[in-house]
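Residues per chain, in single letters:
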Amino acid sequence: VGLLIALLICKMGFNLISKTLSRSAATVLHQEEAADFLAVVQRIHGVITVDDLCAREHGHYVIIEMTISVNPKLSVWEGHEVSKKIKQQLMKQYHHVTNVFIHVNPYDAGYPYKQQADLEASELPSVLH
């Protein structure tokens, strides 16, 4: 009887561990659900493009990780200010968003558009208001 109980306990432990490993702790939101976040970020002054946006659901809360591009003539401090505005806006507008991680990169249009991007970038102010 003791051996049978030990086998049942081992089986239940194995099932519990396999269910825990098969279920992801964070569920990635689909692009349609994350489109609202993308629209908010694109309206922020200083953001040229949103290169990547990944929103993960942790229970009732959402954590957003994104990569944005800003004017290459901005200083590091100005790029940081843009990211702070994004984080504040998302967390104010969506109460279920608990944290926002933002990677700021300088915008690089690349060849063959490099010359046109330089002309457009020279028209943009380097200091944000």
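Here, every reference points to the structure presented above.
One numbering rule holds for all chains: residues counted from 1, following each sequence as written. Confidence filtering applies because this is a predicted model: local features only for residues at pLDDT of at least 70, side-chain atom pairs given and counted only at 80 or more, and all residues used for totals across whole chains, interfaces and linings. The basis for every side-chain value is the complete set of non-hydrogen atoms in the structure, without hydrogens or water.

> Looking at this model, I keep getting lost on the nonpolar core. Mind explaining?
For soluble globular proteins, nonpolar side chains are generally found buried alongside one another. Residues belong to a common nonpolar core when they are buried Ala, Val, Leu, Ile, Met, Phe, Trp, Tyr or Cys residues joined through side-chain atoms within 4.5 Å. Relative accessibility decides the category of a residue: with a 1.4 Å probe and only protein chains considered, values under 20% of the type maximum give buried, values over 50% give exposed, and everything between is partly exposed. Core analysis: the biggest nonpolar cluster contains 21 residues, and Phe37, Ile64, Met66, Ile68, Ile86 and Leu90 have the highest contact counts within it. With near-sequence residues (within four places) excluded, Ile68 lies in contact with Val41, Val47, Thr49, Val50, Asp51, Val82, Ile86, Ile102, His103, Val104 and Asn105. Note on definitions: a residue-residue contact is assigned when non-hydrogen atoms from the two residues lie within 4.5 Å.

> What am I meant to see in helix α3 (residues 76-93) here?
Along an α-helix, residues three or four apart share an orientation, since each turn contains 3.6 residues. Helix length check: α3 (18 residues) gives 26 Å between terminal C-alpha atoms against 26 Å at 1.5 Å per residue, within 8%. Along α3, the residues that are buried comprise Glu78, Gly79, Val82, Ser83, Ile86 and Leu90. Buried positions in α3, seen along its axis, are confined to an arc of 145 degrees and lie on one side of it. Those residues of α3 that are exposed and aimed more than 90 degrees away from the buried face are Trp77, Gln88 and Lys92. Residues of α3 that are buried in the fold lie against α2 (31-42), β2 (47-58), β3 (61-70) and β4 (97-106). Helix and strand definitions follow DSSP, with helices as H or I runs of at least four residues and strands as E runs of at least two, each counted in order from the N terminus. Expected span of a helix, by definition, is 1.5 Å for each gap between consecutive residues, and there is one gap fewer than residues. In this context, the arc is that of the directions from the helix axis out to the C-beta atoms.

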